[in-house]
Amino acid sequence: MSFRLSFAPSTDLADEKLGENSENLIEIRALKYSRGHRAIFDGLNLTIRRGEITALMGPSGTGKTTLLRLITRQLIPEEGVIYVDGVDISTLNQSGLYEMRKRFGMLFQNGALLTDLSVFENVAFPLREHTKLSNRLIRHIVLTKLHAVGLRGAADMLPAQLSGGMARRIALARAMVMDPEILIYDEPFVGLDPISLGVIVRLVRRLNDVLGITSIVVSHDVEEISAVADRSFLLSDGKVAASGSPDELRTANSELVRQFMHGMADGPVAFHYQAPGYEEQLLGRDIE
Amino acid sequence: MKQTFLDLRNNLIEFLRTFGAFQLFFLRLLRYSPEILTTRLGLVVKQVHNAGAQSLVIIMVCGLFVGAVLALQAYSNMSKFNAEDWTGVAAAFALVKELGPVMTALLFAGRAGTALTSEIGLMKATDQLSAMEMMAVNPVRRVLVPRFLGGVIAMPFLAAIFSAVGLYGAHLIGVEVFQVDVGSFWQQIQLTVEISDVNEGIIKSIVFGVAASLIAVWEGYNTVPTAEGVGHATTRTVVITAITVLVFDFMITAAMI
Ligand SMILES: Nc1ncnc2c1ncn2[C@@H]1O[C@H](COP(=O)(O)OP(=O)(O)OP(=O)(O)O)[C@@H](O)[C@H]1O
Ligand SMILES: [Mg+2]
């Protein structure tokens, strides 16, 4: 396997038996997935360690959300294997898959709250579906989780009445309500004001440290994510372009990593989508 | 020429594939139905209420006018043979056997069916169905089956209401406007309309209920998850339901003659 970039991941041990190292919660090997004719992942290798906060970063449209959906088998890869806690998830049947998903909590990019239920009922939804807890107990749990995200006062509102940032915080409360082992956050910091941002960042850290949860955080927010992540993966062109601790990434001498970490428009990642010449097009010459 | 043939072949294959998937989808809904009806009846009741309440007013208004127009037509023809007393019978036959079930299904598709499709389509477009999947809740079982059953249960009642209100409309025109004797108006209906005629209407409304609800949830579930996709899906619900209902209507009528 050859990497175009000088800074290649060295942590992925190719010969290690998959699913046997109990420190690794999620192992992805030689993953291939395409949309139409476009390969989104082509030979992706990635390991997520138990109990750590792992950051997935990468330019918009590289497939971070897609990767989360592949890990949770909402999408099925064309090639490659994904192990979650020692189990090859392609071998699971429907009920096995649901059992596995009960160990996950996922915060969707846009919240994905159920529009016909109140905020309270949204957070209570997994409890009502999967447990026989009394109403009293459910109320207790839901209010605790809402309090943790600072929105206990919004319990009776409908999702349509929430702002984007509020919706995402409610979705976070819902993701935690079953006390999952693995929490997946798809861009949790977008659209939050500085105060809620600080609270949520600390919440992510605390859930991880106190409850021993393994966290996967997708974010563009280099500063925020560097502050909380134990390990980061920078995805580009369907592969892991770089990985390491935030400090390692910051000081890496790969051009792509530098461009991404420091937000520069020029570099290996083109800011502009492929297009005809700017001047040509403005002057209308490309039409002739 | 060869190209046309190939296109035709591909279209046929595509159609058969979709149709097969549609049948499997139907079986999936049926598989979960008994369980939902016994353990989650509340969800179904809520959907019966939704589907029924949405369509009730338009169904009553349309029923009234359809019954009235039937009586107008019947009276103006029957009176040529001095058979005005049969005005009610003509309207009753048309309502109970044909127009009640058919018009109800068409109105249901336009009102409740489109609402179902766009609701489910939007849930898909906003990742709500994926979120359920991630919470280990099967969206087919939790979202689609109660909505499907709600439509199936509501339809026969709506069709019955349509026919009843329609008969009242016929009464208004026949008895109140044209002064047909009220006793013979209703007695002729009672003597002529058999229980088998009513059964035909009931069977039709059950079949149409299954078809209309199934198409509505199918289109919602298979929506292309964008705003435009939801728009297309609701249109398709109306068109496909209308065609299906009319074809089935012909087939059931032919089978029962
Ligand atoms: N349903 C779909 N059909 C076709 N292409 C899709 C679909 N969903 C995503 N894609 C494509 O897959 C690629 C990866 O999408 P994805 O949503 O995973 O990106 P992302 O890394 O999460 O981006 P962002 O940071 O903007 O959320 C994109 O280029 C997108 O065009
Ligand atoms: Mg994304």
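Residues numbered from 1 in each chain as written. Chains lettered and ligands numbered in written order. Predicted model: local features only at pLDDT ≥ 70, side-chain atom pairs only at ≥ 80, totals over all residues. Heavy atoms only, no water.

### Some thoughts on the pattern of salt bridges
As a reminder of what qualifies: In the sections that follow, a salt bridge refers to a side-chain nitrogen of Lys or Arg positioned within 4 Å of a carboxyl oxygen of Asp or Glu. The numbering of helices and of strands both runs from the N terminus, where a helix is a DSSP run of H or I of at least 4 residues and a strand a run of E of at least 2. Between buried and exposed lies partly exposed: a residue is buried under 20% and exposed over 50% of the maximum accessible area for its type, with that area taken using a 1.4 Å probe on protein chains only.
The final tally for this structure, using the stated rule, is 23 salt bridges over all chains. Residue Asp127 of chain B is joined to Arg69 of chain A by a salt bridge in which the shortest nitrogen-to-oxygen separation is 2.9 Å. In this pair, Asp127 of chain B sits in the loop between α3 (87-125) and α4 (128-134) while Arg69 of chain A sits in helix α1 (residues 64-71), so the two residues belong to two different chains. Here Asp127 of chain B and Arg69 of chain A have matching classes, each one buried. Here Asp230 of chain A and Arg205 of chain A are joined by a salt bridge, their closest N and O atoms 3.6 Å apart.

### As for the coordination of the magnesium ion (ligand 2)
Residue and element names in this part refer to chain A. Note the cut-off: Any nitrogen, oxygen or sulfur atom within 2.8 Å of a metal ion counts as a donor, with the limit raised to 3.2 Å for Na, K and Ca, and since water is left out, coordination shells can look unfinished.
Distances from the magnesium ion (ligand 2) to its protein donors, Thr65 (OG1) and Gln109 (OE1), fall at 1.9 to 2.4 Å. Here Thr65 is found in helix α1, whereas its partner Gln109 is found in the loop between β6 (104-107) and α3 (119-130), with 44 residues between them in sequence. Among the residues examined, Thr65 registers a relative accessible area of 25% and is labelled partly exposed. For Gln109, a relative accessible area of 34% gives the class partly exposed.

### So, the site of ligand 1
All names here are of chain A. Formally: Throughout, near means a residue has at least one heavy atom within 4 Å of the molecule or strand. In protein, a polar contact requires one atom able to donate a hydrogen and another able to accept it; more generally it is a pair of N or O atoms within 3.5 Å, and residues adjacent in sequence count only if both atoms are side-chain atoms. To measure how exposed things are, a 1.4 Å probe is used in the Shrake-Rupley method; for residues, cover is taken only from the protein chains shown.
The full set close to ligand 1 counts 13 residues, and Arg38, Ser60, Lys64, Thr65 and Thr66 are the nearest of them. One of the side-chain nitrogen or oxygen atoms of Thr65 is found 2.7 Å away from an oxygen atom of ligand 1. Here Gln109 contributes a side-chain N or O atom positioned 2.9 Å from an oxygen atom of ligand 1. Protein chains bury 62% of the 630 Å² of accessible surface belonging to ligand 1 in isolation. Among the elements of the structure, β2 (38-49) and α1 are those that each provide at least two residues to the shell around ligand 1. No other element matches α1, which puts three residues into the shell around ligand 1.

### Description of the packing of α3 of chain B against helix α6 (residues 182-192) of chain B
All names here are of chain B. Stated precisely, the cut-off is as follows: Between N-to-C directions, angles span 0 to 180 degrees; the directions come from axes that are lines fitted to C-alpha atoms, helices contributing only their stretch in contact. Note on angle classes: values under 35 degrees are labelled roughly parallel, values over 145 roughly antiparallel, values of 65 to 115 roughly perpendicular, and the remainder oblique. Working rule for handedness: look at the near helix, and if it is turned counterclockwise from the far one by less than a right angle, call the crossing left-handed; if clockwise, right-handed. Two residues qualify as a contact provided that any one of their heavy atoms is within 4.5 Å of a heavy atom in the partner residue. Each residue is assigned to one class: nonpolar for Ala, Val, Leu, Ile, Met, Phe, Trp, Tyr, Cys and Pro, charged for Asp, Glu, Lys and Arg, and polar for all the others, Gly among them.
At a minimum axis distance of 7 Å, the contact between α3 and α6 shows a crossing angle of 50°. One finds that α3 runs oblique with respect to α6. In this structure, the crossing between α3 and α6 has a hand that is right-handed. Seen from α3, the contacting residues are Thr87, Gly88, Val89, Ala92 and Phe93; seen from α6, they are Phe185, Gln188, Ile189 and Thr192. The class makeup of the residues in the contact of α3 with α6 is five nonpolar, four polar and no charged.

### Let's talk about the packing of helix α2 (residues 41-78) of chain B against α3 of chain B
All names here are of chain B. Packing of α2 against α3 leaves a shortest axis separation of 8 Å and a crossing angle of 150°. Taken as axis vectors, α2 and α3 run roughly antiparallel relative to one another. The interaxial crossing formed by α2 with α3 has right-handed handedness. For the contact of α2 with α3, the residue count by class is 20 nonpolar, five polar and one charged.

### Points about the interface of chain B and chain A
Heads up, the rule is: The term buried area denotes the loss of accessible surface (1.4 Å probe radius) that occurs when two parts are joined, taken as the sum for both partners.
Listed as interface residues are 18 residues of chain B and, on the opposing side, 21 residues of chain A. Carbon and sulfur atoms supply 55% of the area buried between chain B and chain A, which totals about 1700 Å² over both sides. Three residues, Met134, Met135 and Ala136 of chain B, lead the burial of chain B against chain A; their summed loss comes to 37% of the area buried on that side. Across the contact surface, chain B and chain A share five salt bridges.

### A closer look at the confidence of the model for chain A
Residue and element names in this part refer to chain A. Quick reminder of the rule: A residue's pLDDT is simply how confident the predictor is in it, with values from 0 to 100.
Chain-level statistics for chain A give a pLDDT mean of 85 and a share of 89% at 70 or above. Per-element confidence in chain A is highest for α3, whose mean pLDDT is 95, and lowest for helix α9 (residues 255-262), whose mean pLDDT is 73. Within the model, the stretch residues 1-14 combines pLDDT values under 50 with 25 contacts to residues more than four positions away or in other chains.

### Some details on the packing of aromatic side chains
Residues and elements named next belong to chain B. Rule in force here: A pair of aromatic rings is counted whenever rings of Phe, Tyr or Trp (Trp by its six-membered ring) have centres within 6.5 Å, and the orientation is called stacked for planes under 30 degrees apart, edge-to-face for over 60 and tilted otherwise.
If you walk through the whole model with that rule in mind, you get seven aromatic pairs over all chains. Residues Phe22 and Trp218 carry aromatic rings whose centres are separated by 5.2 Å and whose planes lie at 90° to one another, so their mutual orientation is edge-to-face. Of this pair, Phe22 sits in helix α1 (residues 2-39) while Trp218 is found in helix α7 (residues 195-221), placing the two residues 196 residues apart along the sequence. For the pair Phe22 and Trp218, one class covers both residues: buried.

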